[in-house]
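# Tertiary structure, described
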Amino acid sequence: MTIQKDAERNETKYLHRFADFAGKRVLEIGCGEGRLTWQYAEETQSTLGIDLDADALRVATIDRPSDLETKVNFSRAMSEQLPFSKETFDLAILAWSF
Amino acid sequence: MVHALSEIRRVLVPNGILIDLRPVLSHWPIEVVSARDIHETGHIQDLPLGLADDHAANQSIAQAEKNEWFMRAAEEFFPFNYSWDSPSEMEEWIADEWEGFIQLDEESKRATRSAWALGDADAIVRVKVKMLITNWKKRISGDDE
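Starting from 1, residues in each chain are numbered consecutively following that chain's sequence as written. As they are written, the chains are lettered A onward and the ligands numbered 1 onward, keeping that order. Totals for whole chains, interfaces and linings use all residues, but because this is a predicted model, local features are given only for residues with pLDDT of at least 70 and pairs of side-chain atoms are given and counted only at 80 or more.

With that settled, consider the overall build of chain A. What chain A contains, in helices and strands, is two helices and five strands. Helix and strand definitions here come from DSSP, where helices need a minimum of 4 consecutive H or I residues and strands a minimum of 2 consecutive E residues; each element is numbered from the N-terminal end. Tracing chain A from N to C terminus, the helices and strands come up as β-α-β-β-α-β-β. For the radius of gyration, the atom set is restricted to C-alpha positions; the globular benchmark scales as 2.2 Å times the number of residues to the power 0.38. Compactness check: chain A gives a C-alpha radius of gyration of 13 Å against a globular reference of 13 Å for 98 residues, within 12% of the reference. Counting only C-alpha atoms and orienting by the principal axes, one finds that chain A spans roughly 40 × 30 × 30 Å. Here a residue counts as buried when 20 or more other C-beta atoms sit within 10 Å of its C-beta, as exposed when there are 12 or fewer, and as partly exposed otherwise, the C-beta atoms being derived from the backbone. Split into buried and exposed, the 98 residues of chain A put 39% on the buried side. Contact between two residues is assigned when their C-beta atoms, built from the backbone, lie within 7 Å. Of the contacts made within chain A by residues no fewer than 6 positions apart, 58% connect residues no fewer than 24 positions apart.

This is the structure:
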């Protein structure tokens, strides 16, 4: 099946209009396979994508470009119990995950 | 979901930003699109489970705002288009991926199939999803001291 999502790239345009990613430590909640992550991660200081779907996280990790290996990571975690210290991130994204 | 927002607030620095990006059900339009023409053929039917999800999300964010955890800095809607080569592909996708949240009524299916079959050779089928993006700024309270 051929499906195309957001050919106009509106999501990327609005995401960048609403947030400045440059040099930020970013937490993406509900990252899935990383479709959204790749639209901004290069600009960040670091990006951590979390999701409950282990298969999706595997795909995200496999798809991770080699030049982003040091700054982009994925982890299985629940948004209701984030395994991070307080004030760890500059920016959080709730991505299609409410 | 309110607890998740509390957790997000905890891990954000003072003045940190939360971007809430999500689809909002609103009888998304279905279109047959070619280089020459855009023809609206129907609308998606919103189902109770999908509407309940939207309601729960809105309630949670309203509670977080009431608790003075976050301040709404900016908000906008924008279209996010899903496109398929044919109506049958669209029908299959919606049945598989969005089961329980939305559905296609028979009239919209019939009109879409007909418009696509009679349309230009480059015609595709499109659902225009309504997206909401909100920039929330973390508010500082006495609890953070």
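Helix and strand counts for chain B stand at four helices and seven strands. Walking chain B from its N terminus toward its C terminus, one meets helices and strands in the order α-β-β-β-β-α-β-α-β-α-β. For chain B, the C-alpha radius of gyration of 20 Å lies well beyond 15 Å, the compact-globule estimate for 145 residues. Counting over 145 residues, chain B shows a buried share of 30%. Sequence-distant contacts, at least 24 apart, represent 81% of the contacts inside chain B between residues at least 6 apart.

Turning our eyes to something else, we now look at the interface of chain A and chain B. Each partner contributes residues to the interface: chain A has 32 residues there, and chain B has 34 residues. Of all elements in the fold, only strand E1 (3–5), helix H1 (10–18) and strand E5 (89–95) of chain A reach the threshold of two or more residues within the side of chain A that touches chain B. Considering each element in turn, the side of chain A that touches chain B owes the most residues, seven residues, to E5(A). Under the scheme applied, nonpolar residues are Ala, Val, Leu, Ile, Met, Phe, Trp, Tyr, Cys and Pro; charged residues are Asp, Glu, Lys and Arg; polar residues are all the others, including Gly. By residue class, the composition of the side of chain A that touches chain B is 18 nonpolar, six polar and eight charged.

Turning next to the environment of A:Leu48. Position of A:Leu48 relative to the elements: it lies in strand E3 (residues 46–51). Spatially, the C-alpha atoms of A:Leu48 and A:Ala92 are 9.6 Å apart, while their sequence positions differ by 44 residues.

Within the element layout of this structure, B:Met131 appears in strand E7 (residues 124–138). Take B:Met131: there are 19 C-beta atoms within 10 Å of it, and that puts it in the partly exposed class. Spatially, the C-alpha atom of B:Met131 lies 23 Å from that of B:His3, the residues being 128 residues apart in sequence. Each residue touching B:Met131, except ones within four places of it in the same chain, is listed here: A:Glu11, B:Leu21, B:Pro23, B:Phe77, B:Phe78 and B:Phe80.

A separate point is the confidence of the model for chain A. In predicted models, pLDDT denotes the confidence assigned by the predictor to each residue on a 0 to 100 scale. Across chain A, the average pLDDT comes to 95, with 97% of residues at or above 70. Taking the mean pLDDT of every element in chain A, the minimum, 93, falls on E1(A) and the maximum, 98, on strand E2 (residues 25–29) of chain A.

Let's shift gears to the pairing of strand E4 (residues 72–76) of chain A. On any regular strand, side chains alternate: one points to one face of the sheet, the next to the other face. Residue and element names in this part refer to chain A. Where E3 lies against E4, five bridges are found, and the strand directions are parallel. Bridge pairing in E4 places isoleucine 50 opposite serine 75. With the strands pointing away from the viewer, any crossover whose connection runs clockwise from the first strand over the helix to the second is right-handed. The parallel pair E3 and E4 is bridged by helix H2 (residues 54–63), and the resulting crossover is right-handed. Strand pairing is assigned whenever DSSP identifies at least 2 bridges connecting the two strands.

Take helix H2 (residues 48–66) of chain B next. Spanning 19 residues, H2(B) covers 26 Å between terminal C-alpha atoms, matching the ideal 27 Å at 1.5 Å per step. Phi turns positive, to about 60°, at B:Glu68, one or two residues after H2(B). Given a helix with a known number of residues, its expected span is that number minus one, times 1.5 Å.

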